[in-house]
Amino acid sequence: MNIVRLDGVIVEASEIRYSPAQVPILDLILEHSSELDLKHSKRKLNFKIMAQASNSLAEEISKITIGTKLEVTGFLSETRKNSSKLRLLIQSFKKI
């Protein structure tokens, strides 16, 4: 199963671009910070992840200002076929 739910702050967003089929696409970078409780210790996480939204989600997210915190749900996919780099493809979001 490949389902990701993540909260993060928008730290970078491109201008909307259009696929050859005229589908709006927005590339952005989210920064996530959290602390996990492990059995005998705590682990702090702080990372940036590439994300992408398309169709009406791209248009909605493009209107949100940099620095806004979102909770996004989607799935991980390679950035290009046979690439080891991943990005989060956003299927839904809400401001938090």
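Let me begin by describing the structure that accompanies this report.

Rules of the game
- Residues numbered from 1 in each chain as written.
- Predicted model: local features only at pLDDT ≥ 70, side-chain atom pairs only at ≥ 80, totals over all residues.
- Heavy atoms only, no water.
- Pairing = 2+ DSSP bridges.
- Helix = DSSP H or I, 4+ residues; strand = E, 2+ residues; numbered from the N terminus.
- Salt bridge = Lys/Arg side-chain N within 4 Å of Asp/Glu carboxyl O.
- Buried < 20%, exposed > 50% of the residue type's maximum accessible area, 1.4 Å probe, protein only.
- Contact = heavy atoms within 4.5 Å.

### With respect to the pairing of strand β1 (residues 4–13)
Where β1 and strand β5 (residues 69–78) come together, six bridges link them in antiparallel fashion. In the strand pairing of β5, G8 is matched with L70. As defined by bridge partners, β1 adjoins strand β3 (residues 24–37) across four bridges and the pair is classed as antiparallel. Following the sheet pairing, A13 is matched in β3 by L28.

### Some details on the pattern of salt bridges
A side chain with one charge may pair with a side chain of the opposite charge, provided their charged atoms come close. What the rule picks out here adds up to three salt bridges. The partner of R17 in a salt bridge is D27, with the nearest N and O atoms 3.1 Å apart. Of this pair, R17 sits in strand β2 (residues 17–18) while D27 sits in strand β3, and the two are ten residues apart along the sequence. Its relative accessible area of 38% is what places R17 among the partly exposed residues. Measuring nitrogen to oxygen at the nearest pair gives 3.7 Å for the salt bridge that ties K42 to D37. In this pair, the class of K42 matches that of D37, namely exposed. Counted as one network, the salt bridges with shared partners bring together E35, D37 and K42.

### With respect to the side chain of Q52
You can see Q52 is positioned in strand β4 (residues 42–54). For Q52, a relative accessible area of 12% puts it in the buried group. Residues contacting Q52, with those up to four places away along its chain left out, are R17, I25, L26, D27, R87, L88, L89 and I90.

### Considering the pairing of β4
The side chains of a regular strand alternate between both faces of the sheet. Here β3 pairs with β4 via 13 bridges, running antiparallel. When the bridges of β4 are listed, D37 appears paired with K42. Connecting β3 to the antiparallel partner β4 that follows it, the hairpin turn spans four residues. Sheet topology note: the β4/strand β6 (residues 86–95) ladder contains two bridges and is parallel. Considered in β6, the bridge of Q52 is made with L89.

Nothing here speaks to function; it is all geometry.
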